[in-house]
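# Structural features, examined
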Amino acid sequence: MAHRWTNDLSRADITPEHIYMNRRQIMAGLAGVGLAGIAGQAQASQGLTPNSWDDITNYNNFYEFGTGKEDPARYASALTTSPWTIKIDGMVDRPGEYALGDILSKMTIEERIYRFRCVEAWSMVIPWNGFELSDLLDMAGVQDSAKYVAFETLYRPDEMRGQKFSTIDWPYVEGLRLDEARHPLTIMATGLYGKDLPKQNGAPIRLVVPWKYGFKSIKSVVRITLTDRRPPTSWNKLIPREYGFYSNVNPKVDHPRWSQASERVVGGGLFSRRQDTLMFNGYESQVASLYKGMDLAKNF
Ligand SMILES: Nc1nc2c(c(=O)[nH]1)N[C@H]1C(S)=C(S)[C@@H](COP(=O)(O)O)O[C@H]1N2
Ligand SMILES: [Mo]
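Worth saying up front: this structure is predicted, and the values here are computed from it rather than measured. (Residues numbered from 1 in each chain as written. Chains lettered and ligands numbered in written order. Predicted model: local features only at pLDDT ≥ 70, side-chain atom pairs only at ≥ 80, totals over all residues. Heavy atoms only, no water.)

## Things to note about the site of ligand 1
Which entries qualify depends on this criterion: In these notes, residues near a molecule or strand are those with any non-hydrogen atom within 4 Å of it. Think of a polar contact as two N or O atoms within 3.5 Å of one another; within protein, one of them needs to be a possible hydrogen donor and the other a possible acceptor, and neighboring residues in sequence only count if both atoms come from side chains. Shrake-Rupley sampling with a 1.4 Å probe provides the accessible areas, and residues are treated as covered by the protein chains on show and by no other component. Cavity means a closed set of points on a 1 Å grid over the protein atoms alone, one where a 1.4 Å probe fits but cannot get out, pocket means an open set with protein on both sides within 12 Å along at least 5 of 7 lines, and lining means a residue has an atom within 4 Å of a point. Each molecule is assigned to a cavity or pocket provided more than half of its atoms lie within 2 Å of the corresponding grid points.
In the vicinity of ligand 1 lie 16 residues, with Asn-60, Tyr-63, Glu-64, Thr-153 and Lys-219 positioned nearest. Between a nitrogen atom of ligand 1 and a side-chain N or O atom of Glu-64, the distance comes to 2.8 Å. Asn-201 places a side-chain nitrogen or oxygen 3.0 Å from an oxygen atom of ligand 1. Considered on its own, ligand 1 offers 530 Å² of accessible surface; in the complex 98% of this is hidden by protein. At a threshold of 2 Å from the grid points, most atoms of ligand 1 map onto the largest pocket.

Encoded structure:
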């Protein structure tokens, strides 16, 4: 499908030369720099060097395999990821079971290096491979009545040992407003560092919404439903006072039990450092308009 708009850095963009060039262009009055360059510069100023493969694949949240950060890497190998289908239903013209292979044959896979911010106040930078969710929604044909998109993870307790415990009301579910789902930053990821997505990261396909806390980026998706009602989300159902529907990264709205003003940068071993958390995780210029006029302290 058409490659519409990449407003994030690619691997080539993070070379010092490129950053230097953008800085010069910005100082020269924005001549020749589009939105992408500005966004890239804003993010590069805090560093967008990807975390190592080891960090990204050994420090995970995936409660289907246990609640420990190392449980997913240890236990996710039990998951069968082929064949894989995604059921797309609800307010769509072409509902059905879509085979992942058929979906991928129609999509352009590109790399997006995204800042990732977990609600637990740590962060990484991750080079995803994937395609825009909007393209998948177009495959199914979204009807005018649809206002929200609901997502569901696989339920298979035989392979997902954490599902034998009722930590979460399985299956894991998430939701977005349709305009959030259609935003070009919202992708379905199928790979990391140009390789297939490891199982602990949500193989074979997972959502990535870079301006929201990590838990919105639901893994191992098997169902996508278009609806006119705001869908339930797992963490909101579990602890509504702490986790709202929107869950936008916002340094000014604290989690009731800890500050969201700063984050620990994962990596660097003993020398892991902290940095200020950016509004909308650094994607403010691209997404703030989605929330114009909304009280973000109430709609957290
Ligand atoms: N199905 C499912 N998706 C999930 C989770 C989960 O427990 N189950 N954890 C979420 C949380 S809290 C985070 S921080 C991210 C972690 O993604 P990563 O392990 O690829 O970094 O996945 C999110 N998606
Ligand atoms: Mo998270």
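## Description of the pattern of salt bridges
To keep things clear, this is the line we draw: The rule for a salt bridge is simple: a side-chain nitrogen of Lys or Arg has to be within 4 Å of a carboxyl oxygen of Asp or Glu. In this text, helices come from DSSP runs of H or I with a minimum length of four residues, and strands from runs of E with a minimum of two, each type numbered from the N-terminal end. Accessibility here uses a 1.4 Å probe with only protein chains present; expressed as a share of the type maximum, an area under 20% marks a residue as buried, one over 50% as exposed, and anything in between as partly exposed.
Within the structure shown, the criterion is met by 15 salt bridges. Asp-71 is paired through a salt bridge with Arg-74; the nearest N and O atoms lie 3.9 Å apart. Of this pair, Asp-71 and Arg-74 both sit in helix H4 (residues 71–75), separated by 3 residues, roughly a single helical turn. Asp-71 sits in the buried class, given a relative accessible area of 17%. Between Glu-263 and Arg-117 there is a salt bridge, and its shortest N-O distance comes to 3.0 Å. Taken together, the residues span a long stretch of sequence, with Glu-263 in strand E11 (residues 262–265) and Arg-117 in strand E3 (residues 110–117) at a distance of 146 residues. Here Glu-263 falls in the buried class, since its relative accessible area comes to 1%. What makes Arg-117 buried here is its relative accessible area of 1%. When salt bridges that share partners are traced, they join Asp-89, Glu-152 and Arg-223 into one network.

## Remarks on the sheet that holds strand E10 (residues 221–227)
What counts is decided by this rule: Pairs of strands are assigned from DSSP output, requiring at least two bridges between the strands. Between N-to-C directions, angles span 0 to 180 degrees; the directions come from axes that are lines fitted to C-alpha atoms, helices contributing only their stretch in contact.
Spatial ordering of the open sheet is given by E2-E1-E10-E5-E6, a layout of 5 strands whose pairing is mixed. The outermost strands of the open sheet, each flanked by one partner alone, are strand E2 (96–99) and strand E6 (173–177). When the angles between neighbouring strand axes are averaged without regard to direction, this sheet yields 20°. In terms of strand pairing, strand E5 (residues 148–153) meets E6 through 5 bridges, oriented antiparallel. Residue Tyr-148 lies in a different strand from E6, and its bridge partner there is Arg-177.

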